[in-house]
Amino acid sequence: SHSPTSHYLDLSHTTAMTMMIVRYCRLNEAFRRLSCQKYFSKRHASQALYMWGTNTKGIIPSTTLGAVLEVPTKVDFITPLMKAGDSVKVSIKQVCCGNTSTGIITSDGKCYTMGDNYNGQLGLGHKTDALEATRLASPEGIEDFRIQHICMGEKFSAVIDEIGDLYTFGWDGSTFSGMGALGHGDGQSHHETPKRVESLVEDGCLVDQVHVGESHMTVLTTEREVLTAGAGSFGRLGNVDILDQLFLEPVEMMNNLNVHQIAGGQAFTLALTRDGIIYGWGRNDKGQLGVGLGLAVDMYAMSELPQPIESDDLLNRIVVKIAAGHSHAACLTNNGELFMWGMGTLEPELQRSLLHSKIVDVHCGKDYTIALDEHGKLYSFGTGKAGVLGQGHKNSQSQPTVIEGLSGKNISLISAGWNQVACIVENES
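Structural notes, computed from the coordinates. (Residues numbered from 1 in each chain as written. Predicted model: local features only at pLDDT ≥ 70, side-chain atom pairs only at ≥ 80, totals over all residues. Heavy atoms only, no water.)

## Thoughts on the overall build of the protein chain
We count it as follows: Only runs of H or I of at least four residues qualify as helices and only runs of E of at least two qualify as strands under DSSP, and these elements are numbered from the N terminus. Buried means the residue's accessible area, taken with a 1.4 Å probe over protein chains only, is under 20% of the maximum for its type, while exposed means over 50%, and partly exposed covers the values in between. Here, two residues are considered to be in contact whenever any of their heavy atoms come within 4.5 Å of each other. Residue-level accessible areas treat just the shown protein chains as cover; the underlying method is Shrake-Rupley with a 1.4 Å probe.
Summing up its helical and strand segments, the protein chain has 3 helices and 30 strands in all. When the 429 residues of the protein chain are sorted by exposure, 57% land in the buried category. Contacts in the protein chain between residues at least 24 apart in sequence constitute 53% of all its contacts with a sequence separation of at least 6. For the protein chain, the computed accessible surface area is about 17,700 Å², with 51% contributed by carbon and sulfur atoms.

Quick look at the structure:
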């Protein structure tokens, strides 16, 4: 495998001085991003964390193990940290509800993980489950490891630090399931602590977004280049060759398309361009690529190259956000319309029951969807097992229904996992 993005910038034989210049430029970019985005400066004394779903292996903090929360429940995440010696009052900057785990980043850049750790995907330096929030281990040689983003997977996870460097940890895969998901190319099957992806550093790449699937990883750099690594089966790497990739390599067809956002599910990836066009590649057994009848949909259905979604319903509409769950996806238009596909629906379908309101945010879990409108109303629909719909029961709902337990709340952040949902409420009285 060749070095990632080598066709952009070949630093394999560079001098030490050139490497210092690259690093200086990277740091300058990082400081620019920190000044533009309030990564660690927010302080919300009146902030509250609400979660619901099933607390399997501690994925919902400060809650009885195995408990099913069928309605949004205020969870005290900060106080236990204070008891552990964190004297400075912090707020929550990000919550990531993953497949079998949860990750939380606080306003001081600290990261905490909890839940299933069979593959070391919590980044704690061991493989023992964390039944309560536990601080992410620091990489060797780094004392103040400050994180701006985390993406939790079933077998491995990834974080982006305050500079824009990517770290991965957990299981790298196998010859049977597909190898290389961590992007290190070092032949190690597991990394139990965060390890920096050095090939990106060597190429001067900073990371803006990352998605981890079942056995592949997708990265969007600050230069808007899309890179993939890991299992090549089902075309999930977006290149014609379906061999595994041990290093992050460019998705050639996405070059120069000015990608704005990436999202993905278990074995597929979506990319949204600044022009509002959605491209998808990977598995399509449930219609999760949204390309309609153009591709056969059966258990082997896939697209190994990025395909644009050319739905008639999306014509003359501008897509501004995409979201993806296990095997379905959604998008929002600039007019606040919500479209869904996957789970057996082969192309984007307008959710007409929500046309009375402008939808401003959407998140997809495992066969269910959470949507937020401009008035702060939160809707849920889909498969209700595990209590993820927050409606006071475990029944499934085909139509979006308001989650009454959060009526009147100022919701600033949402995350939907396989068995748990989280949202941050600001100005909580």
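## A closer look at the sheet that holds strand β13 (residues 207-212)
For the record, the criterion: Strand pairing is assigned whenever DSSP identifies at least 2 bridges connecting the two strands. Note on geometry: axes are lines fitted to C-alpha atoms, helical ones only across the stretch in contact, with angles between N-to-C directions running from 0 to 180 degrees.
Strand order in the open sheet formed by 4 strands is β13-β14-β15-β16, with antiparallel pairing between adjacent strands. Bordering the open sheet on either side are β13 and β16 (245-250), each of which pairs with just one other strand. Averaged over all neighbouring strand pairs, the angle between strand axes comes to 15 degrees, with direction disregarded.

## Looking at the state of the cysteines
Cysteine pairs can be covalently joined through their sulfur atoms, and such a bond is termed a disulfide. Stated formally: When two cysteine sulfur atoms are found within 2.5 Å, that pair is recorded as a disulfide.
Counted according to the given criterion, the structure contains 0 disulfides. Of all cysteine sulfurs, the one in Cys 96 lies closest to Cys 97, which takes part in no disulfide; the gap is 7.0 Å. Cys 111 carries a free sulfur, and the closest cysteine sulfur to it, the one in Cys 96, is 9.1 Å from it.

## Some details on the pattern of salt bridges
To keep it simple, the criterion reads: For salt bridges, the criterion is a side-chain nitrogen of Lys or Arg within 4 Å of an Asp or Glu carboxyl oxygen.
Across all of its chains, the model carries 13 salt bridges by this definition. Note that Glu 214 and Arg 236 form a salt bridge whose closest N and O atoms lie 3.7 Å from each other. Here Glu 214, found in the loop between β13 and β14 (216-221), pairs with Arg 236, found in the loop between β15 (226-230) and β16; they are 22 residues apart in sequence, far enough to count as distant. Residue Lys 321 pairs with Asp 361 through a salt bridge whose shortest N-O separation is 2.6 Å. Of the two residues, Lys 321 is situated in strand β21 (residues 319-324) and Asp 361 in strand β25 (residues 359-364); the sequence distance between them amounts to 40 residues.

## Quick notes on a negative patch on the surface
Inclusion rule: Only residues whose relative accessible area exceeds 30% and that form no salt bridge are eligible for patches; like-charged ones are grouped when within 9 Å, while nonpolar side chains (Val, Leu, Ile, Met, Phe, Trp, Tyr) are grouped when within 5 Å. Counted as positive: Lys and Arg. Counted as negative: Asp and Glu, with His and the chain ends omitted from the count. Charge placement uses NZ in Lys and CZ in Arg. For Asp and Glu, CG and CD serve respectively.
Together, Asp 312, Asp 313, Glu 347 and Glu 349 make up a negatively charged patch on the protein surface. Following the sequence through the fold, Glu 347 ends up in strand β24 (residues 345-350). On the basis of relative accessible area, Glu 347 is assigned to the partly exposed category, the value being 39%.

## A look at the packing of aromatic side chains
Just so we agree on the cut-off: Two aromatic rings, drawn from Phe, Tyr or Trp (for Trp, its six-membered ring), form a pair once their centres lie within 6.5 Å of each other, and the interplanar angle then sorts them: stacked below 30 degrees, edge-to-face above 60, tilted otherwise. Our definition puts a charge over a ring when NZ of Lys or CZ of Arg is within 6 Å of the ring centre and also within 35 degrees of the ring normal.
Under the definition given, this model contains 2 aromatic pairs. Look at Phe 145 and Tyr 167: their rings are 4.8 Å apart centre to centre, the planes differ by 70 degrees, and that puts the pair in the edge-to-face class. Of this pair, Phe 145 sits in the loop between β6 (130-135) and β7 (147-152) while Tyr 167 sits in strand β9 (residues 166-171), placing them 22 residues apart in sequence. In this structure, Arg 283 packs its charged tip against the face of Phe 234, placed 4.1 Å from the ring centre.

## Quick word on the nonpolar core
Let me state the cut-off plainly: For the purposes of this section, nonpolar cores are sets of buried Ala, Val, Leu, Ile, Met, Phe, Trp, Tyr and Cys residues that join through side-chain atoms within 4.5 Å.
Of all hydrophobic cores here, the largest spans 37 residues; its most connected members are Leu 49, Phe 77, Val 95 and Leu 378. Broken down by secondary-structure element, the contributors of at least two residues to this core are β1 (48-54), β2 (68-75), α2 (78-83), β3 (92-97), β5 (111-115), β26 (368-373), β29 (410-416) and β30 (420-426). Apart from the residues lying within four places of it in its own chain, the contact partners of Leu 49 are Thr 73, Lys 74, Val 75, Phe 77, Ile 92, Val 95, Ile 104, Ala 422, Cys 423 and Ile 424. The next biggest cluster of nonpolar side chains, apart from the first, holds 18 residues, and it includes Val 197, Val 207, Met 217 and Leu 248.

## Here's the deal with unusual backbone geometry
Backbone geometry places Phe 234, a non-glycine residue, at a positive phi of 65 degrees. Judged by relative accessible area, Phe 234 falls into the partly exposed class, the value being 21%.

## Considerations on the pairing of β5
The buried fraction of β5 amounts to 5 of the 5 residues, a majority that puts the element mostly inside the structure. Going residue by residue along β5, you find Cys 111, Thr 113 and Gly 115 tucked away on one face and Tyr 112 and Met 114 tucked away on the opposite face as well. Here strand β4 (residues 101-106) pairs with β5 via 5 bridges, running antiparallel. Across the sheet, the residue bridging to Gly 103 is Thr 113, located in β5. Taking the residues between adjacent antiparallel strands as the criterion, β4 and β5 are bridged by 4 residues, where Gly 109 takes a positive phi near 85 degrees. Where β5 and β6 come together, 3 bridges link them in antiparallel fashion.

Any functional reading would require information beyond the geometric quantities listed.
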